[in-house]
Structure formats: C-alpha cells, structure tokens
Amino acid sequence: MGLVGFVLVLVVLLHLYVYRRAVHDVLRSRRGRLLGALVITTLAVVTGTALLTRGVLAPEAARPLHHVGYLWLALVLYLAFLLGVGEFVRMGLRFVRGRPSEQRRRFLSGVIAASAAVAAAVTVGYGTVAARQTRVERREVLLDRLDPAFDGFTIAAISDIHLGPLVDGTDLAGFVGLINGSGPDVVAVVGDLVDGTVDELGTYAAPLADIAAPTYFVTGNHEYYSGAAGWVEFLPTLGVRVLRNEREEIRRGEAVLHIAGCDDRTAAASGVPGHGFDLDAALRGRDPSAPVVLLCHQPVMVARAARAGVDLQISGHTHGGQLWPLTHVALVDQPVLAGLTRVGRTWLYVTRGTGFWGPPVRVGSPPEITLLTLRAPAVA
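Since we're looking at a predicted model, the values are computed, not measured.

1. Thoughts on the overall build of the protein chain
Piece 1. Helix and strand counts for the protein chain stand at ten helices and twelve strands.
Piece 2. Overall size of the protein chain, expressed as C-alpha extent along the three principal axes, is 80 × 45 × 35 Å.
Piece 3. Within the span of the protein chain, comprising 380 residues, buried residues form 50% of the whole.
Piece 4. A separation of at least 24 residues holds for 76% of the contacts in the protein chain among residues at least 6 apart in sequence.
Piece 5. When the accessible area of the protein chain is evaluated, it comes to approximately 16700 Å², of which 61% is carbon and sulfur surface.

Written as structure tokens, this is what we have:
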C-alpha cells in the first residue's frame, strides 16, 4: 500500500470514529443521525477526491477542491484526536462515579463533542494563518575545520516548498524575496520543491531564476513522485545547480569549503535510471582537511554523514512536525524534527520548511527559511 492508499484508509477510519462519537452518541433522532452521516460522508468523499486527484487535475483546477478537502482533513484529524482525549475523561468519570445513566452518558458525549469541535476549529484556524507567515531564522554554526577566511559565510536553507495546487509561483516569489533580503553567500534548496511535473509546474518554479546568490538543489522524495529526471534537467535553466552525489569547491584565497549534495534515499527505489544516494561519490577526491557541508533531504542520513566526516548536514523533510502533536510520528523514522543538533562530530540542521504536504496548516511548526552563518573556531 502506497502513501496515498494509507492516507485514504486513515481518512475512512477517522470519519467513522468522528461519526460514532460526535453524531451517533450525541443525537437521538434517526433523521439527525442520517443528516450527520450525510455531511460527514460528503466531506470524506471530498477529502478522498482531493487525495486521488493530486497530479491528475491541473493545479489551478485542483485548487478549490484541495483547499476544502485538505482543510477538512486537518479539522477531522484534530477532532478525532480531541475526541480520543475525551475517552480518558469518560473513563475517569466512570471510575469515580460508576456507570452513568443513558441521559447522563448522552449529555457527556455532547459536551465532549462540542468542546472538541470548537477546539479543533480554533486550532486549524490558527494553523491556517501560521502556515502563510514564513520568516527568516538566523543560526550560527561553529565548524571546527573552517578556515578563518570563511568565518561569517552564510547559507540560506529552504526546503519542502511543495509547489502545487496550494503553493504557487506567487508564494515562491515571496520566498525568493526573503532569501534575497537576507543576503546569503549561497542558497541550499534541500528537496521537496515540487508536487508535480515540469509540464505542470515549470512556470511556478520560474521565480528561482531571481535568486541573487549561487543556488544548489538536491532531490527529495517528492521529486521522485513528480518526474525527477525532468526537474534535474529543467532546474539548471533557472540558474540552479543540481548536486547529484557530487560536490563543488568554494574558495577564498587558499581556503576551501566543500558543498556536497546527494540524491534522496528513496531515489534508488524510484526506478529513475542512475539515481540513488551515494555519499562516497559525492566526497571522492576532496581535500580531507577542508570542511564539508552536505545537502541531503532526509535527516536520517546523518549517521552516514558522521561516519564520513561531514562537518554540517542541512536537511528538511520533517516539516518540523507540521501538525503538533499529531505528526510527531516522524520521529519513528527520523532522528529529530527540527533545529540544530550534533551527531558525533557532525552538526545537523533540520529546517521546518516553507510549504506543507496535505493540509495548508501548520501548528507548532511555523514555516522558515534559515540563514546559517558558519563560524571558524579561531575567531568565534
């Protein structure tokens, strides 16, 4: 079962649970229950249709459907979560007061359902606004091997833009404005730029050509759902350097800084000829005394980076959780959700990203573009 299939099954189960707790257990009349079932079923169908039409409808045609379907998906996720919290309230009251009467049970169900609905609506409303308020985060990273000539060197990291029906060229132009306004030395686009092919989204990606600084790109898993070979060929026409298991040397006098980049870890299984994560190829032939900054979409690859002596890995993929606390399940597969951490002697920075997958909502994970300033120990 693919990702979409899993999400469809989850959507069905969520709606069944919400119907049971918020409609069946609250309403007595058959007509009220039928009306509630009709509303919930209709919204479930809209959500399922939005999922199934990703890449089928043109982005402009899909936009209204995706707005409704994915906003409802966020709402039903939080509603189900809060109704689940209500189960503990039920258990606690039953433990204290014993089994309730039918009238008291129905009243309690109504209170829990109404409270959950209000809280879910407020949460999603807040998250919808927050998802569109991208900001520049500034962090400093001390690299032990960095030559003083590179002290103050800046990298603007951006990830998980997810160009598509809900994030378009106008949004990307805004991100580019923030990047240029921060004045970085280089820009790192660390995957999941698109959710669609070049034919569908090439015009949406056009603002990348306006980035003032040298720009590097590595593939994310969503590129491999979206015609990765086409994007690898297209992005250089916008002035974006695609790093596929390779590196570039940046020089300041005699000092060297390596910028390396690797295909996403899903590349080999994607079936795209010649694609696959290969850190050894990216680092082959480098000066081992010079520091390496690795661009790699998924944070989990930091274990290999640490073994290879990489100084800093910049990643995305997690969206910082996107919908707190629901998507903290990402920690099952990734070492961290966001921020700066250290694995061995390797620093890992995971950006929360700028876009979103699915619901255009961010709760507890505001979108960011990160300006990383590298510091040398001799002058730190």
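2. A closer look at the sheet that holds strand β1 (residues 135-142)
Piece 1. On the basis of which strands lie adjacent, the open sheet formed by six strands has the order β1-β12-β2-β3-β4-β5 and mixed pairing. Two strands lie at the open edges of the sheet, namely β1 and β5 (240-242), each paired on one side alone. Along the sheet, successive strands turn relative to each other by an average axial angle of 25 degrees, direction set aside.
Piece 2. Running over the sheet, helix α5 (residues 169-182) touches β1, β2 (154-158), β3 (186-190) and β12 (368-375) and is turned about 25 degrees from β12.

3. Remarks on the pattern of salt bridges
If the charged atoms of two oppositely charged side chains come close together, the side chains can form a pair.
Piece 1. Counted by the stated rule, this structure contains 20 salt bridges.
Piece 2. Glu-87 is the salt-bridge partner of Arg-90, the closest N and O atoms lying 3.8 Å from each other. Of this pair, Arg-90 and Glu-87 both sit in helix α3 (residues 59-97), three residues apart, roughly one helical turn.
Piece 3. In this structure Arg-90 comes out as buried when scored by relative accessible area, which is 15%.

4. Focus on α3
Piece 1. Counted at 1.5 Å a residue, the expected span for α3 with its 39 residues is 57 Å, and the 55 Å between its end C-alpha atoms agrees.
Piece 2. Along α3, the sharpest change in direction is near 35 degrees and occurs at Leu-65.
Piece 3. In the stretch just after α3, Gly-98 is the one whose phi turns positive, near 85 degrees.

5. Regarding the sheet that holds strand β8 (residues 292-295)
In a beta sheet, neighbouring strands are held together by backbone hydrogen bonds and run either parallel or antiparallel to one another.
Piece 1. Here we have six strands laid out as an open sheet, ordered β6-β7-β8-β9-β11-β10, and mixed in their pairing. Bordering the open sheet on either side are β6 (246-252) and β10 (339-343), each of which pairs with just one other strand. Taking the axes of each pair of neighbouring strands and ignoring which way they run, one obtains an average angle of 20 degrees across the sheet.
Piece 2. Inspection of the sheet shows β8 paired to strand β9 (residues 312-315) by three bridges, in the parallel sense. Bridge pairing links Val-293 to Leu-312 in β9.

6. Considering the packing of helix α2 (residues 30-52) against α3
Piece 1. Running from N to C, α2 and α3 point in directions that differ by 115 degrees, and their axes come no closer than 8 Å. Relative to α3, α2 is oriented so that their crossing is left-handed. Listed contacts from α3 to Leu-43, Ala-44, Val-46, Thr-47, Thr-49, Ala-50 and Leu-51 of α2 are Leu-65, His-66, Val-68, Gly-69, Tyr-70, Trp-72 and Leu-73.
Piece 2. Residues of the contact of α2 with α3, tallied by class, amount to ten nonpolar, four polar and no charged.

7. Observations regarding α2
Piece 1. Look at α2: 32 Å from first C-alpha to last across 23 residues, which is about the 33 Å you get at 1.5 Å a residue.
Piece 2. Along α2, the positions that sit buried rather than exposed are Gly-32, Gly-36, Ile-40, Ala-44, Thr-47, Gly-48, Ala-50 and Leu-51.

8. Let's talk about a nonpolar patch on the surface
Piece 1. Residues Val-9, Val-12, Leu-13 and Leu-16 make up a contiguous nonpolar surface patch of about 360 Å² in total accessible area.
Piece 2. Looking at the element boundaries, Val-9 is found in helix α1 (residues 3-24).

9. So, the environment of Thr-197
Piece 1. Within the element layout of this structure, Thr-197 appears in the loop between β3 and α6 (198-201).
Piece 2. Given the relative accessible area of 31%, Thr-197 is considered partly exposed.
Piece 3. Placed 114 residues apart in sequence, Thr-197 and Asp-311 show a C-alpha to C-alpha distance of 34 Å.
Piece 4. Apart from residues no more than four positions distant in its own chain, Thr-197 is found in contact with Gly-202, Ser-226 and Trp-231.

10. Describing unusual backbone geometry
Piece 1. The amide bond that connects Trp-324 to the next residue, Pro-325, takes the cis arrangement and shows omega of -10 degrees.
Piece 2. With respect to the secondary-structure elements, Pro-325 resides in the loop between β9 and β10.
Piece 3. One non-glycine residue, His-319, lies in positive phi territory at about 60 degrees.
Piece 4. Among the secondary structure elements, His-319 is positioned in the loop between β9 and β10.
Piece 5. By relative accessible area, His-319 is classed as buried at 6%.
Piece 6. Despite not being glycine, Gln-322 has its phi angle at roughly 65 degrees, a positive value.
Piece 7. The residue Gln-322 is located in the loop between β9 and β10 in this model.
Piece 8. We classify Gln-322 as buried; its relative accessible area is 6%.

Rules behind the numbers
Residues numbered from 1 in each chain as written. Predicted model: local features only at pLDDT ≥ 70, side-chain atom pairs only at ≥ 80, totals over all residues. Heavy atoms only, no water. Helix = DSSP H or I, 4+ residues; strand = E, 2+ residues; numbered from the N terminus. Buried < 20%, exposed > 50% of the residue type's maximum accessible area, 1.4 Å probe, protein only. Contact = heavy atoms within 4.5 Å. Areas by Shrake-Rupley, 256 points an atom, 1.4 Å probe, with all protein chains shown as cover. Pairing = 2+ DSSP bridges. Axes fitted to C-alpha atoms, helices over the stretch in contact; angles between N-to-C directions. Salt bridge = Lys/Arg side-chain N within 4 Å of Asp/Glu carboxyl O. Expected span 1.5 Å × (residues − 1). Bend = angle between axes of the 7 residues up to and from the residue. Left-handed = near helix turned anticlockwise from the far one by under 90°. Nonpolar A, V, L, I, M, F, W, Y, C, P; charged D, E, K, R; others polar. Patch = residues over 30% accessible without salt bridge, like charges linked within 9 Å, V, L, I, M, F, W, Y side chains within 5 Å.

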